[in-house]
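# Chain and residue survey
This is what each chain is made of:
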Amino acid sequence: MKNRKAITKEEALDYHRFPRCGKIEVVPTKACYTQRDLSLAYTPGVAQPCLEIEANPELVYEYTSKGNLVAVVSNGTAVLGLGDIGAAAGKPVMEGKGVLFKRFADVDVFDIELNTKNPDDVIKACELMEPTFGGINLEDIKAPDCFYIEETLKERLNIPVFHDDQHGTAIIAVAALINALEIVGKKIEEVVIVVNGAGAAGIAIGKLMLLIGAKLENIYMCDTKGIIYRGRTEGMNKYKEEFALVTEKRTLEEAMDGADIFLGLSQKDAVSKAMVKAMARNPIIMAMANPDPEITPEEVAEVRGDAIMATGRSDYANQVNNVLGFPFIFRGALDVRAKAINEEMKLAAVHALAQLARQEVPESVCKAYGVDRIEFGPEYIIPKPFDPRVLTWVAPAVAKAAIDTGVAQKTIPNFDKYKDYLESRLSFAKEFTRQIISVARQKPKRLVLPEGKHEKVLRAAQKMVEEGIAKPILLGEEDVIREMAERHNIDISECEIINPAISPTRDKYAKILHEMRQRKGMTLDEAQRRLVRISDYYAAMMVYCGDADCLLNGYSRNYPDAIKPLLEIMPMQEGYTSPSGAYFMVFKDRIVLCADTTVNIDPDAEVLAQIAMQSADTCAKFEIEPKVAMISFTNFGSVKLPRTTKIVEAIKKVKDKYPKLIIDGDMQADTALYRPIAEEAFPFSDIKGDASVLVFPNLEAGNSAYKLLWRLGGGIAIGPILQGFQSSVHVLQRGSDVNEIVNLGAIAVVDAIEKAKQKHK
C-alpha cells in the first residue's frame, strides 16, 4: 500500500532552512520600478485610498488586500501530534498552513503566533486584528480552549472564523464516510460508530455526523478514560457531555464489538487486530492519528478482507487531509465576504468533496500519484489533495451556501464564470485556455484525430464532446477503437469513426493525392497505400477536401513525421512559402507568443518576415494585441553581422506589407520584455518592454528559449500552434497528455473559425 519513501529528519530540516530560512515571503502585487511607481505605492499616492476608506470603511476591500488575507492564529498548545510545544516551536506549522492556503486557493496568509496560554488573550488579539484580515483560521489550540475561543470570536467578529483542527478534519472525514457507506451499502442512521479521541476534531466530527443523519445513541465517543457515558465525572467537560450515552459499556474494546465504523483521532496502536476482528461486516476504519495511525492498513488486512481503510497519511490510500478543506472553504467565504462560516457552508463542502470523488479522475492527478488510473471504490473514497478540481467544486459550494443562508455580503451572479475565475487565480494559463474553449464552444468544428486507437486521444475526444468544443472524427479500425474505449470506460458515442482502409472516399482521395504528388514520384498505388497505412495522410485529405474542418495529429509520432503529410498536401496561405510553429508562454501577469519553435531551422530574412506576420496573425485570433520583437544578441544594430542584418531586412519586409503593425528589432530579450531597460535605454522604440510576440533568429534559439521559460521561468507552454497554412492543421508534441490535446484541439477549432471568416471576407 505504501508508495513513497519516509522523510528523513535531515531532509525535513534542510527543506525548512535552505535556500533561505522558512517557507513564506511577502511579494508585492504592483510594480515598483520607477519614482512614479514609488509615489503611487506610498506617499503621496497612498493618501487617496486612505481618505476613501475613512469615508466608507467597506472600501477597505477594494483598495487593500484585506479581502484575500487570512490570519493563521495559534498559541502552540496542541501542535500536530507534538502537543504543547509553545508558540515559537509551532511557527513552522503555521508557515506551512500559509503555503497550503496560497498553493491550493491563492489565499494570502500572515501567520500569528501568540505567546499566551490564556484563551482570553487569544480572543483579544484577534479582535484587535480584525481590521487587517478578511478571515481568521485558528490552529493548534488545545481543547477545550479552542471551543471557547472560536465560539466567542464568532459572536464578536464580522469576519469568518474557522478552527481547522475541528471543522477541517470533520469535513474531510465525513465526506469520506459518506462515500464509504455508499460503497458498503449501509445507511448513516443505522450504523454504530466509535469515535476514539474526544478533543477538538473528535467532537466536531460527532456534531457533523449528527447533521447528516447519524443517531446520537449510536455514537460511542471515547477518550483516554474510555467511553463517555451518562454520569461520568472524570475528565469531562460540557462539550464531551453532549455525547454522553446511557450504556453499560465502558472501554474502547467493548465499544468496538459489533461496530460498523471506527474514527480514530487519538494515538498510535490504540486499536488492536482483535478489536478490528470483532467489528461488523464491511467495517469502515478511519485511523487518523498522526504521524502514526491507531492501526495500520497492513494490520487490518491481516484480519479483515472486507474493510475500507483510511488514515491521515499520504503514503496510504484514502488520506484524510485537511488541505482538501480549509483553503477552498476560505476561498468561497472570502469571495462573498461572508461574515461567518456556518454549518450549512461546512455541509456544502462535505457534499461537494463526496460528489467529486465519484467523478472520473483526470490524467494529471493520476500522474501526480504515479498511477495509471484512480477510480471511486474502497481505495479511493476522498479526492486527492493535488486534484485541481477541488477548488472549483468546494469554493462555489461554500460561496453558494453563504449566499443562501444570508451570511454573504456579496453575491455571485454567474457560478460558471466564477469557476473560470477560480481557475485563473491559480493559473493565468487556465483563464487563457478557458477563453479559447469558450470561443470554440460558440461554433464547434469537425476535428479529425488520425490516432484514434490511443487511449489518451480517445479521452481527449470525450472531453472535447463534453465541453462542446468540437465534433471529433476518429480514424482507425472501428472495432479496435470501440474495444479500447470500452476497456477504459470512455464514452465516444458522439464521435464519428472512419476506417481509411474501407472508406468509400479512399479512392477519391487517392486520385487527388496522386495528382498533387505525381511529379514528386508518387504513384497512384503509393497514394492509396499511404492513405491506408499512414492515417495522417487520410486526415489531411479530409481537411483538404472539406470533409473535416481541422486536424490534430502527432500524439504517437515524431514531429517531423507528423508534419510531413501536411507539408505535402496542405496549401499555404497567400503570400507565405513556409509554415512556422509557435507556443503561447503564459505567466501570471502576461502572455508571450514564441516563434519559430518547431519548423524552420535557419530562416532567411524572407522566412523571418513570414514568421513575424504569421505570429502577429495568431495573436490577433486570440485577442492579444501583437507587438512583435525580433530577438537577437544585439540591440538596434549595435553589432552588424549577416545574422543581425537579416533581422533588419525582415522588419522592413513586414513594415512594407503591414505598416501599422508594431514590430521592432533587432533587440535583446530583456529589452523586449523589461520596461525599465526599454524606456531608459531605448525610448525611441515602439516596444516599451511590452512585447507580446518574440521572433527568434533560428530554431535553436526559439526552441531553447521557450523550454527555458517553461522549465525555469515558471511559464506554462500552450501549443505548438502551426502557422501559415490555409487550413487549421496542428501537430502535437509526442506523448502529450489529455489536457494538452484538448487545449490544442480548442486552438485548432478557433483557428478554423477565424480562417473561415477570412475566407468569406
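Our structure's up above, just so we're on the same page.
On a predicted model such as this, the values are computed, not experimentally measured, just so you know.

Turning next to the packing of helix H24 (residues 535-544) against helix H25 (residues 559-569). Following both chains from N to C, one finds H24 and H25 inclined at 35°, their axes separated by 9 Å at the closest point. In the crossing of H24 with H25, the sense of the turn from one axis to the other is right-handed. Contact residues: Asp536, Tyr537, Ala540, Met541 and Tyr544 in H24; Asp561, Ala562, Lys564, Pro565, Leu566, Glu568 and Ile569 in H25. A breakdown of the residues in the contact of H24 with H25 according to their chemical character gives eight nonpolar, no polar and four charged.

Moving on: the sheet that holds strand E2 (residues 108-113). Pairing in this open sheet of four strands is parallel, and the strands run E2-E1-E3-E4 from one edge to the other. This sheet does not close on itself; its edge strands, each paired only once, are E2 and strand E4 (161-163). Neighbour-to-neighbour, the strand axes of this sheet turn through a mean angle of 20°, independent of strand direction. For strand E3 (residues 135-138) and E4, the ladder comprises three bridges, and the chain directions are parallel. If you follow Leu138 over to E4, its bridge partner there is His163. Running over the sheet, helix H5 (residues 87-105) touches strand E1 (69-74), E2 and E3 and is turned about 170° from E2.

Moving on to the environment of Ile611. Looking at the secondary structure, you find Ile611 in helix H26 (residues 605-621). Judged by its relative accessible area of 1%, Ile611 is buried. Sequence separation between Ile611 and Ile53 is 558 residues, and the spatial gap between their C-alpha atoms is 51 Å. In contact with Ile611, not counting residues within four places along its chain, are Ser580, Ala595, Asp596, Asn600, Pro603, Val695 and Gln723.

Among the structural elements, Asn137 can be located in strand E3. Residues contacting Asn137, with those up to four places away along its chain left out, are Val70, Ala71, Val72, Val73, Lys97, Phe101, Phe162, Asp164, Phe326 and Phe330.

Attention now goes to the sheet that holds strand E19 (residues 693-695). Spatially, six strands are ordered E18-E17-E19-E16-E15-E20 in an open sheet, and the strand pairing comes out mixed. The sheet is open, and its two borders are formed by strand E18 (662-667) and strand E20 (716-723), each paired with just one other strand. Taking each pair of neighbouring strands and ignoring which way they run, the sheet shows an average axis angle of 20°. Summarising the sheet, strand E15 (residues 580-586) and strand E16 (residues 591-595) pair through five bridges and their orientation is antiparallel. Paired with Ala582 across the bridge in E16 is Ala595.

Moving on, we get to the nonpolar core. Membership of the largest hydrophobic core comes to 109 residues, with the highest contact counts inside it found for Val73, Ile193, Met209 and Met286. With twelve residues, helix H8 (residues 164-184) is the largest single contributor of residues to this core. Grouped together as the second largest cluster of nonpolar side chains are 96 residues, Ile611, Leu661, Ile718 and Ile721 included.

Turning our attention to the state of the cysteines. Throughout the structure, instances matching the rule amount to zero disulfides. Residue Cys126 stays outside any disulfide, its sulfur separated by 13 Å from that of Cys146, the closest cysteine. The buried category is assigned to Cys126, whose relative accessible area is 0%. No disulfide involves Cys222; its nearest neighbouring cysteine sulfur is the one of Cys146, lying 19 Å away. The exposure class of Cys222 is buried, given its relative accessible area of 0%.

Once that is clear, we can look at H25. Listing the buried residues of H25 in full gives Tyr559, Ala562, Ile563, Pro565, Leu566, Glu568 and Ile569. For H25, the secondary structure elements touched by its buried residues are helix H22 (506-517), helix H23 (524-533), H24, strand E14 (550-553), E20 and strand E21 (728-731).

Pairing between side chains becomes possible if they bear opposite charge and their charged atoms approach one another. A full pass over the atoms with the stated rule returns 48 salt bridges. A salt bridge links Asp306 to Arg304, with the nearest nitrogen and oxygen atoms 3.0 Å apart. Of the residues examined, Arg304 reaches a relative accessible area of 12% and is grouped as buried. The salt bridge partner of Lys400 is Asp404, with a shortest N-O separation of 2.9 Å. Placement of both Lys400 and Asp404 in helix H17 (residues 389-404) is noted, with a separation of four residues, approximately one turn of the helix. Taken together, the salt bridges that share partners define one network made up of Arg517, Glu526, Arg529, Arg530 and Glu568.

Two numbers describe how H22 lies on H23: the axes approach to 8 Å, and their chain directions differ by 125°. On the basis of their axis angle, the class for H22 and H23 is oblique. Both H22 and H23 take part in a crossing whose hand is right-handed. Only Leu524, Ala527, Gln528, Leu531 and Val532 of H23 make contact with H22, whose side of the interface consists of Arg506, Asp507, Tyr509, Ala510, Lys511, Leu513 and His514. Along the lines of polarity and charge, the residues of the contact of H22 with H23 split into seven nonpolar, two polar and three charged.

Okay, the pairing of E14 next. Across the two faces of E14 the burial is the same, with Cys550 and Leu552 and Leu551 and Asn553 all buried. Alignment of strand E11 (residues 445-449) against E14, held across two bridges, turns out to be parallel. When the sheet's bridge partners are listed, Leu447 is paired in E14 with Cys550. Where E14 meets E21, four bridges bridge the pair, whose relative direction is parallel. Of the residues in E21, the one forming a bridge with Asn553 is Val731.

So, about the side chain of His167. Positionally, His167 belongs in helix H8. Among the polar contacts listed, one links the side chain of His167 to the side chain of Glu150, at a separation of 2.8 Å. Residue contacts for His167: discarding those within four places in its chain leaves Glu150, Phe162, Ala204 and Lys346.

On to the pairing of strand E5 (residues 193-196). What you see with E5 is no split at all: Ile193 and Val195 on one side and Val194 and Asn196 on the other are buried throughout. Here E5 runs beside strand E6 (residues 219-223); their pairing, made up of four bridges, is parallel. Residue pairing for E6: Ile193 is matched across the bridge by Ile219. Handedness of the β-α-β unit built from E5, helix H9 (residues 200-211) and E6 comes out right-handed. As defined by bridge partners, E5 adjoins strand E8 (residues 261-264) across four bridges and the pair is classed as parallel. Counterpart to Asn196 in the pairing with E8 is Gly264.

Moving on: the packing of aromatic side chains. Evaluation of the coordinates by the stated rule reveals 16 aromatic pairs. Their ring planes at 35° and their centres at 4.3 Å tell us that Phe147 and Tyr239 sit as a pair that is tilted. Of the two residues, Phe147 is situated in helix H7 (residues 145-156) and Tyr239 in helix H10 (residues 238-241); the sequence distance between them amounts to 92 residues. The buried category is assigned to Tyr239, whose relative accessible area is 6%. Put simply, the rings of Phe101, Phe162, Phe326 and Phe330 pair up and form one aromatic cluster. The side chain of Arg103 reaches across the aromatic face of Phe104, ending 4.8 Å from its centre.

Relative to the assigned elements, Leu694 resides in strand E19. Placed 16 residues apart in sequence, Leu694 and Ala678 show a C-alpha to C-alpha distance of 15 Å.

Calculation criteria
Residues numbered from 1 in each chain as written. Predicted model: local features only at pLDDT ≥ 70, side-chain atom pairs only at ≥ 80, totals over all residues. Heavy atoms only, no water. Axes fitted to C-alpha atoms, helices over the stretch in contact; angles between N-to-C directions. Helix = DSSP H or I, 4+ residues; strand = E, 2+ residues; numbered from the N terminus. Left-handed = near helix turned anticlockwise from the far one by under 90°. Contact = heavy atoms within 4.5 Å. Nonpolar A, V, L, I, M, F, W, Y, C, P; charged D, E, K, R; others polar. Pairing = 2+ DSSP bridges. Buried < 20%, exposed > 50% of the residue type's maximum accessible area, 1.4 Å probe, protein only. Core = buried A, V, L, I, M, F, W, Y, C linked by side-chain atoms within 4.5 Å. Disulfide = S-S within 2.5 Å. Salt bridge = Lys/Arg side-chain N within 4 Å of Asp/Glu carboxyl O. Parallel < 35°, antiparallel > 145°, perpendicular 65-115°, else oblique. Polar contact = N/O pair within 3.5 Å; in protein donor to acceptor, adjacent residues only side chain to side chain. Right-handed = clockwise from strand over helix to strand, strands pointing away. Phe/Tyr/Trp six-rings, centres within 6.5 Å; stacked < 30°, edge-to-face > 60°. Lys NZ or Arg CZ within 6 Å of the ring centre and 35° of its normal.

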